[in-house]
Each structure stands twice: as C-alpha cells, then as structure tokens.
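# Coordinate inspection notes
Residue strings, one per chain:
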Amino acid sequence: MPSLRSVYLFLYNSVLCYGWCYILYQAVVSWISGWAPAGLWEVVEIPLKVFQTAALLEIFHSLFGIVRAPLLTSALTRYEKGLRIGGLSLPFNFQSMLVAWGLSEAIRYSFFSVKESRTPPYWLTWLRFSAFLVLYPMGVASEMALVRLAYPAISEQRIFCFDMPNRLNFGLDYPVCCLLLTALYLPGLPFLFTHMLKQRSKILGKTALKQA
C-alpha cells in the first residue's frame, strides 16, 4: 500500500503536470494562430498564477524532507520562474517563454508523478535530463528579453509601486526591484545549469548501465 507521502506527491505532480500541459497547449495554439501575446495573457493569466504559486510548495517539500531535492536548487528554480512580467502589452518573447516553461514543467512533473508509482520509462527519464539543454537557454533568453522590453513601460506606468509618504510608511519601487532581481538571478544560472549537467550524467549513466 502506498504511503501518504507517495499519494500526496503523485497527486501534486499530476495536477501541476496537467496545469502546465494546458498552459503549453494555449501557448502553442497562440503561436500557430498568430494571436497577440496580450490575448494569450488573458487566457493563461489565472492558470499561470495558480500553478506558479502552487510550485512554491516545492521549497517546503525540500525544507521538510518530503523530497530529497537540495533546498538551494529548489529555491533558485522557483525564483527563476517568478521573474515574469504580467499585465502589459507583452512581446513575442512571452510566447516563447511559455513554450519553454510549459515543455520543461510538463516533462518534469510527469516524470515525478510516474516515479511515485513505478520506474519511469527510459524515454521519459531521457527527456527529463536532456530537454533542459535546449529549453533552459530558450527560457532564460525569453525571460531576460521580456524584462528588458517591459522595463520602459513598467517604469513609466509605475505599476506595483508604493510611493512614500503613505499611511503604512512603506515604499516599493517595482522597476528597481525588477533590475535587482535580474541582477541576483544571473549568478544563479551557471549553478543551476551545472547542477543539471551533473544530474544528467549521474542518472542517465546509471540507466544505461541497468539496460546493458
């Protein structure tokens, strides 16, 4: 009989896999049909926010030992996905970013979901530890371009900004936060990519030996 932990992780990963497949489907349809990125945002805004927020649970999974993933890589991965700009006149990079995110997350969550019930097939294991070689640079390039292209608009419109003085005595400059977060994000990129390369060599090497 499966443990409560296994049942929870199976359901969690299955739901997020479904969610990202839906987002990926909408992004691909948008790309093929020539929708404006702003139109795509109207369709995926709520599911994207829901499943991005749900993904933050992975940090707690690692923190409390529910999964064996290192806390630092879990936090960096979720932080990386959090660098998105919404509610603006979005450029083409938004579509390419969602395709990269959707593919990588659908593969990732399907792998973890299957893993809770049986050994994942080799083709899924290979995708899990190989697709990032293309999708990671594609996603990062799209995210950085999106921040750069959106910055003049968010700076001019002052969205999500709280100017002092106010009753809460709290100030927030969102455009400056975007620049600071991007600057902090860049040093983590080599670490994440190197970690995935090591995991790829380790996991695919073991799988090849088992099949030999």
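Conventions adopted
- Residues numbered from 1 in each chain as written.
- Predicted model: local features only at pLDDT ≥ 70, side-chain atom pairs only at ≥ 80, totals over all residues.
- Heavy atoms only, no water.
- Helix = DSSP H or I, 4+ residues; strand = E, 2+ residues; numbered from the N terminus.
- Contact = heavy atoms within 4.5 Å.
- Areas by Shrake-Rupley, 256 points an atom, 1.4 Å probe, with all protein chains shown as cover.
- Core = buried A, V, L, I, M, F, W, Y, C linked by side-chain atoms within 4.5 Å.
- Buried < 20%, exposed > 50% of the residue type's maximum accessible area, 1.4 Å probe, protein only.
- Phe/Tyr/Trp six-rings, centres within 6.5 Å; stacked < 30°, edge-to-face > 60°.
- Axes fitted to C-alpha atoms, helices over the stretch in contact; angles between N-to-C directions.
- Left-handed = near helix turned anticlockwise from the far one by under 90°.
- Nonpolar A, V, L, I, M, F, W, Y, C, P; charged D, E, K, R; others polar.
- UniProt positions renumbered as here; feature names shortened; annotations may be inferred.
- Salt bridge = Lys/Arg side-chain N within 4 Å of Asp/Glu carboxyl O.
- Disulfide = S-S within 2.5 Å.

### Description of the overall build of the protein chain
Looking only at helices and strands, the protein chain features eight helices and zero strands. Secondary structure elements of the protein chain, listed N to C terminal, follow the sequence α-α-α-α-α-α-α-α. Here the contacts in the protein chain between residues at least 6 apart in sequence split such that 75% fall between residues at least 24 apart. About 12,000 Å² of surface is accessible on the protein chain, with carbon and sulfur atoms providing 69% of the total.

### Examining the nonpolar core
Within the largest apolar cluster, 21 residues are counted, with the highest numbers of intra-cluster contacts made by Leu16, Trp20, Leu48, Phe94, Leu98 and Tyr109. Of all the secondary structure elements, the ones that give two or more residues to this core are helix H1 (4-33), helix H2 (37-55) and helix H5 (93-115).

### Digging into the packing of aromatic side chains
In this structure the tally under the stated criterion is nine aromatic pairs. Ring geometry for Trp20 against Trp101: centres 6.3 Å apart, planes inclined by 75 degrees, an arrangement best described as edge-to-face. Within this pair, whereas Trp20 is found in helix H1, its partner Trp101 is found in helix H5, the two being separated by 81 residues in sequence. Each member of the pair, Trp20 together with Trp101, is buried. Measuring from ring centre to ring centre gives 5.6 Å for Tyr136 and Phe193, while their planes differ by 40 degrees; the resulting arrangement is tilted. With Tyr136 in helix H7 (residues 132-157) and Phe193 in helix H8 (residues 174-211), this pair connects stretches of sequence that are 57 residues apart. Among the residues examined, Phe193 registers a relative accessible area of 24% and is labelled partly exposed.

### What to know about the packing of H2 against H5
The interhelical angle for the contact between H2 and H5, taken along N-to-C directions, is 35 degrees, at an axis separation of 12 Å. Considering only the axes of H2 and H5, their crossing is left-handed. Residues Pro37, Leu40, Trp41, Val44, Leu48, Gln52 and Ala55 of H2 form the contact with H5, whose participating residues are Phe94, Gln95, Leu98, Trp101 and Tyr109. Here the contact of H2 with H5 is built from residues that sort into ten nonpolar, two polar and no charged.

### Brief notes about the side chain of Ser96
Inspection of the secondary structure puts Ser96 in helix H5. For Ser96, the contacting residues outside a window of four places in its chain are Trp31, Met138 and Ser142.

### Section: the UniProt feature "transmembrane region" (unreviewed entry) in the protein chain
Look at the UniProt record and you will see "transmembrane region" (unreviewed entry) annotated at residues 7-25, 50-71, 123-151 and 172-193. The span residues 123-151 carries 90% helix and 0% strand; its end-to-end C-alpha distance comes to 40 Å.

### Some words on the pattern of salt bridges
This model, assessed by the stated rule, comprises four salt bridges. Salt bridges sharing partners connect three or more residues here, namely Glu58, Glu105 and Arg108.

### Thoughts on the environment of Ser110
Mapping Ser110 onto the fold places it in helix H5. When its relative accessible area of 18% is taken as the criterion, Ser110 is described as buried. Leave out the neighbours within four places in its chain, and Ser110 touches Cys17 and Leu124.

### Quick word on the state of the cysteines
What makes a disulfide is a covalent bond joining the sulfur atoms belonging to two cysteines. This model, assessed by the stated rule, comprises zero disulfides. Cys17 carries a free sulfur, and the closest cysteine sulfur to it, the one in Cys21, is 4.1 Å from it. Overall, Cys21 belongs to the partly exposed group, its relative accessible area being 36%.

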